Amino acid sequence: MATKKAVKKAPVAEKASIPDEAAVMNLRDSFYYHMKFSLAKDRYNITSSHAYQALALAVRDQIIERWIETQRAYYDRDVKRVYYLSMEFLMGRTLGNSLMNLGLYDECRKLLSEAGFSIEALEDHEADAGLGNGGLGRLAACFIDSLATLGYPAYGCGIRYDFGIFHQRISDGYQVEEPDEWLRTGNPWQTERPENTFRVKFGGRVSISHEGGKTRHRWVDTTDVLAMPYDMPIPGFGNRTVNTLSLWASRAVESFSLSNFQTGDYLKAVEDSALSETLSRVLYPNDNISQGRELRLKQEFFLVSASLQDILRRYRKHHSDFKMFSDKVAIQMNDTHPSLAVAELMRLLLDEEELGWDEAWKICINTFGYTNHTLMPEALEKWPVTLMERLLPRHMSIIYEINHRFLEEVKKRYPGKEDLLHRVSIIEEGGEKTVRMAHLAVVGSHSINGVAQLHTELLKLHVLPDFYMLYPSRFNNKTNGITPRRWLNNCNPDLTTLISKHIGTKWITDLTELKKLEHLADDAAFCKAWREAKKQNKLRLAKHIEDTMGITISPDALLTAQIKRLHEYKRQLLNVLQVIARYRRLKNGEKLLPRTVIFSAKAAPAYYMAKLIIKLINNVGDVVNNDIAINGRLKVLFLPNYSVSLAEKIIPAADLSEQISTAGTEASGTGNMKLSLNGALTIGTLDGANVEIRESVGAEHFFLFGLTAEQVAEKKKWGYNPYPIYEADTELKAVVDDIGNGRFSNGDTNLFRPIVDTLLGSDHFLLLADFRSYVDAQNKVDEYYARGNEWTKSSILNVARLAKFSSDRTVSEYAKDIWGITPEKI
């Protein structure tokens, strides 16, 4: 039996820095001021919705003074700044996060209690800022939190979509997409900056003239839109740094045509305005249609053009020429979406600033860094040359010139290698000519990084091997991380309180402090408290599920979570297969541990197979959850409308993290880190950051299964056939047959036929090849969970050993190795 150790006493729930008394009083005064003078309410007629608005404005008041101080310090010191260009910023809710970072959360709770409100109820009035699809946008949000907390001069640059990622409703088991009107009631956190509006051009033609012995290019006869920034303050934790997230909204150059109106053409009078503002209307239009593809390309250029013009505006405040540009500006392209920044910066430097090509190109390479986020070929963007020439004719001519000079360099280094030239060319020939955006980003950047050790190695070996041969020093790894503020301190107050009580609060900004938990993993009292924290989180999630879905789950059951974008390579379907196998075993009388299996995900609206998998999950859940014969020992739930705020409920409650993508397909993942940091053990393949998580927490605390990336590649090389696996494994055959014979579709044998045909045909992501290994690993999970004390110890050690996966560490590496920036104390 473990020796009981002395419990160290400390203040309970130190979630943030100690609040300043003046700040507390200011918050109180500001809250009542905005209640009266901004909303025209008093304590007798204010609703919780109004109270949220008054509180948000009061909190913003606290931030703005620091925001002005920060920007003034950056200006006065002429610091080097980094600009993080991303099509996605999945910010979630701002109120609670801001209060935590300001150190005012607990004081605010008391203030609201006096006014008759709960802080949790007010937080629920804030819409999630769902300006992203998944990990890419959530990573960007983590990074800007870490940059502010560490004091780095940084700006996020994105798009202020009127409608974010769609609101998902489940109807008869099917996903139904509805508009995500996150701005319906306004947004108190953003400040409109009309004085910093820029023109963004499309179409037109290139006029060439010769002046003073120089060739001048002018982009003329264009169709223009205006880009207006809405700036959002990003406060650091426990300091006075407040950085900026600039989100660009499109506006018409002429919002109303009086001449058309006066001639009676009322629709035409506002048509141009409506078309212009479509640019920032919705996140990721359907690119299965030509209009959607064109709008997507316009959005990407809109982001980079507006951001670069703003960057140049800020740079010119101190500098009359561009000799110091790359010493004062670093730009990071978050995946291939902002790759047009390379061509746009060249255009601005060549055509607007009249620099020579060589000088402009040197600035360009020294300024840009490119982060690759995918191993999936279809995710490496390519744009048809015909579309580019029509929408961005000047940029197309610049890309042709970049490509020509680049290929000439390759020819000199590798004469006679015509096949190499075809492989690395920015322009892909054959069939429809396209621009390979990843190639443009690589050629135009001084740094190309992957986001996990395995991912970076696969980039070098399989995705961009020719470029690695050409520019080996440009390639580097920056394993992703998550902010411990939102993803432990804020979302898991019970566990946070327990941890801080025993080791203090330094871990919130230095995750290596969690190492101190290791010596508590054998402390019986601490382990008991750890289990109680998990149970409280399960009870909160259970209440949410009962309130929203009418389904009861047991807090004593092992709770597994697979919460991520719905894609075949992430293999939610493999999880469904093992769930059906488990259900069959229960029906056959096996005594298995009670389990609750949680899925939550959104499928792209045009992704038929992903949406059919959602239907299957829901149908399986309907059958399993209503089968009284298994006595509630298995529950299967698909929680609709996955979002940051829903993840904040699920993650603290999870016992087991499902990270089961086919090895060699996931770049990194960050959900795996969030779940581990909240005490969930992982069942997973050697894919993405799973490899490093397993190395960090210890192989004995990780349930490994499945083929390796090398084995997957080998199987595909020699021709993988899933059918013999299906025939040889009786349990697997019965599971697949259950899907095909209508057991989960009221006898309809056609509904899920595409799923069965895919599994028994190509099985592209090798679900059948990994099925038996996966089921065996799930059996080990059962056995280990039954040994409660050992499971608890592993849970504690998962948290204690996860310091590497803080986004503070990640952005510090970017700052040192890529951007060349240093923290500034405000």
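Novice: Can you help me understand the overall build of the chain in this one?
Specialist: For the chain, the helix and strand inventory stands at 33 helices and 25 strands. Here the C-alpha radius of gyration of the chain, 27 Å, is about what a compact globule of 826 residues would show, namely 28 Å. Along the longest, intermediate and shortest principal axes, the C-alpha atoms of the chain span 90 × 70 × 60 Å. When burial is assessed residue by residue, the chain has 59% of its 826 residues classed as buried. Put simply, 76% of the contacts in the chain that link residues at least 6 apart link residues at least 24 apart. Carbon and sulfur atoms make up 50% of the accessible area of the chain, which amounts to about 32400 Å² in all. Of the charged side chains in the chain, 104 are positive and 105 negative; the average position of the first set lies 3 Å away from that of the second.

Novice: Sorry, what's going on with the packing of aromatic side chains here?
Specialist: In this structure the tally under the stated criterion is 23 aromatic pairs. Relative to Y814, the ring of F143 lies with its centre 5.5 Å away and its plane at 65 degrees, an arrangement referred to as edge-to-face. Placement of the pair is F143 in helix α6 (residues 135-150) and Y814 in helix α33 (residues 807-819), with a sequence separation of 671 residues. Across the pair, exposure class does not vary: F143 and Y814 are buried alike. When the ring of F322 is compared with that of F325, the centres are 5.7 Å apart and the planes differ by 45 degrees; the resulting orientation is tilted.

Novice: Can you help me understand the pattern of salt bridges in this one?
Specialist: Working definition: two side chains of opposite charge can pair if their charged atoms are close together. All chains considered together, the criterion is met by 65 salt bridges. Between D221 and R205 there is a salt bridge, and its shortest N-O distance comes to 2.7 Å. A residue pair is termed long-range when its members are at least 10 positions apart, and D221 in the loop between β10 (214-220) and β11 (223-235) and R205 in strand β9 (residues 205-211) qualify at 16 residues. Taking the relative accessible area as the measure of exposure, D221 reaches 54% and is therefore exposed. The class for R205 is partly exposed, based on a relative accessible area of 44%. One salt bridge in this structure joins D757 and R753, with 3.9 Å as the shortest N-O distance.

Novice: Explain the confidence of the model for the chain to me, please; I cannot follow it from the model alone.
Specialist: Low pLDDT marks regions whose predicted coordinates should not be analysed in detail. Here the chain shows a mean pLDDT of 93. Residues at 70 or above account for 95%. Note on residues 1-17: pLDDT under 50 across the span, and 31 contacts to partners over four residues away in sequence or across chains.

Novice: How do you make sense of the sheet that holds strand β16 (residues 427-428) when you look at a structure like this?
Specialist: Strand pairing in a sheet takes place through backbone hydrogen bonds and is either antiparallel or parallel in direction. Across the sheet, which stays open at both edges, the 3 strands sit in the order β15-β17-β16 with antiparallel pairing between neighbours. A single partner strand is all that each edge strand has here, and the edge strands are β15 (382-384) and β16.

Novice: Help me out: how do you make sense of the side chain of H502 in this one?
Specialist: Within the secondary structure, H502 sits in helix α20 (residues 493-503). Looking at H502, its side chain comes within polar contact range of the main-chain oxygen of L498, at 3.0 Å.

Novice: Just checking my understanding: could you explain the sheet that holds strand β25 (residues 702-704) for this structure?
Specialist: As summarised here, the arrangement of the 6 strands in space is β22-β21-β20-β23-β24-β25, forming an open sheet in which the pairing is parallel. Both edges of this open sheet fall to β22 (634-638) and β25, since each of them pairs with a single strand only. Within the sheet, the average angular offset between the axes of one strand and its neighbour, ignoring direction, is 20 degrees. Pairing between strand β24 (residues 681-684) and β25: 3 bridges, direction parallel. Within β25, the residue paired with T682 across the bridge is F702. Helix-sheet contacts for helix α26 (residues 690-697) involve β23 (656-659), β24 and β25, and the interaxial angle to β25 is about 135 degrees.

Novice: Just to check I follow, could you spell out the packing of helix α22 (residues 572-587) against helix α29 (residues 730-740) for this structure?
Specialist: The axes of two packed helices give the description: the angle between them and the distance between them. Between α22 and α29, the shortest axis-to-axis distance is 9 Å and the interhelical angle comes to 105 degrees. The orientation of α22 with respect to α29, classified from their angle, is roughly perpendicular. Residues L577, I580, A581, R584 and R585 of α22 pack against E731, A734, V735, D738 and I739 of α29. Split by residue class, the contact of α22 with α29 holds 6 nonpolar, no polar and 4 charged.

Novice: How do you make sense of helix α32 (residues 788-800) when you look at a structure like this?
Specialist: Residues spaced three or four apart along an α-helix face the same direction, because each turn holds 3.6 residues. With 13 residues, α32 extends 18 Å from end C-alpha to end C-alpha; this agrees with the ideal 18 Å at 1.5 Å per step. Three or more residues of α32 are buried, namely W791, T792, S794, S795, I796, L797, N798, V799 and A800.

Novice: Got a minute to help me understand the pairing of β22 in this structure?
Specialist: Each regular strand displays side chains that alternate between the two surfaces of the sheet. Of all 5 residues making up β22, 5 are buried, and the element is well covered by its neighbours. A two-sided burial pattern is seen for β22, the buried positions comprising L634, V636 and F638 on one face and K635 and L637 on the other. Relative to β22, strand β21 (residues 595-600) is paired through 5 bridges, and the arrangement is parallel. In the sheet register, F599 faces β22, and the bridge partner there is F638. For the crossover that starts at β21, traverses helix α23 (residues 608-625) and ends in the parallel β22, the hand is right-handed.

Novice: Please explain helix α12 (residues 357-367) as it appears in this structure.
Specialist: Residues W357, A360, W361, I363, C364, I365 and T367 constitute the buried set of α12. On the buried face of α12, the contacting elements are α10 (325-328), β13 (329-334), α11 (340-352), β14 (368-371), α14 (393-413) and α16 (437-443).

Novice: How should I be thinking about empty space enclosed by the protein in this particular structure?
Specialist: To find leftover empty space, one rolls a probe the size of a water molecule over the atoms. Here the structure, examined in full by the defined rule, presents 6 cavities of 30 Å³ or more. Taken as a whole, the largest cavity spans an internal volume of roughly 140 Å³. The wall of the largest cavity is formed by 15 residues, among which M91, N97, D145, I234 and R486 lie closest to the centre. Residues that form the lining of the largest cavity fall into these classes: 7 nonpolar, 5 polar and 3 charged.

Novice: Help me out: how do you make sense of the packing of α29 against helix α30 (residues 753-760) in this one?
Specialist: α30 packs onto α29 with a crossing angle of 150 degrees between their chain directions and a minimal axis gap of 8 Å. Between α29 and α30, the crossing angle belongs to the class labelled roughly antiparallel. Between α29, through V736, I739 and G740, and α30, the contact on the second element is made entirely by R753, V756, L759 and L760. Taken together, the residues of the contact of α29 with α30 sort by class into 5 nonpolar, 1 polar and 1 charged.

Novice: Honestly, the environment of S795 in this entry has me stumped. Any pointers?
Specialist: Secondary-structure assignment places S795 in helix α32. Looking at S795, the relative accessible area reads 3%, which means it is buried. Ignoring any residue separated from it by four or fewer positions in sequence, one finds S795 in contact with W530, G679 and L681. Polar side-chain contacts of S795 include one of 2.9 Å to the side chain of W530.

Novice: Got a minute to help me understand unusual backbone geometry in this structure?
Specialist: The backbone of D335 shows a phi angle near 75 degrees, a positive value even though the residue is not glycine. Within the secondary structure, D335 is located in the loop between β13 and α11. Located in the positive-phi region is N641, a residue other than glycine, with phi close to 60 degrees. One can find N641 in the loop between β22 and α24 (644-650).

Calculation rules
Residues numbered from 1 in each chain as written. Predicted model: local features only at pLDDT ≥ 70, side-chain atom pairs only at ≥ 80, totals over all residues. Heavy atoms only, no water. Helix = DSSP H or I, 4+ residues; strand = E, 2+ residues; numbered from the N terminus. Rg over C-alpha atoms; globule rule 2.2 N^0.38 Å. Buried < 20%, exposed > 50% of the residue type's maximum accessible area, 1.4 Å probe, protein only. Contact = heavy atoms within 4.5 Å. Areas by Shrake-Rupley, 256 points an atom, 1.4 Å probe, with all protein chains shown as cover. Lys, Arg positive; Asp, Glu negative; His and termini not counted. Charge placed at Lys NZ, Arg CZ, Asp CG, Glu CD. Phe/Tyr/Trp six-rings, centres within 6.5 Å; stacked < 30°, edge-to-face > 60°. Salt bridge = Lys/Arg side-chain N within 4 Å of Asp/Glu carboxyl O. pLDDT = per-residue confidence, 0-100. Pairing = 2+ DSSP bridges. Polar contact = N/O pair within 3.5 Å; in protein donor to acceptor, adjacent residues only side chain to side chain. Axes fitted to C-alpha atoms, helices over the stretch in contact; angles between N-to-C directions. Parallel < 35°, antiparallel > 145°, perpendicular 65-115°, else oblique. Nonpolar A, V, L, I, M, F, W, Y, C, P; charged D, E, K, R; others polar. Expected span 1.5 Å × (residues − 1). Right-handed = clockwise from strand over helix to strand, strands pointing away. 1 Å grid on protein atoms, 1.4 Å probe; cavity = no way out; pocket = protein on both sides within 12 Å on 5 of 7 lines; lining within 4 Å. Points joined across faces, edges and corners; volume = space filled by probe spheres on them.

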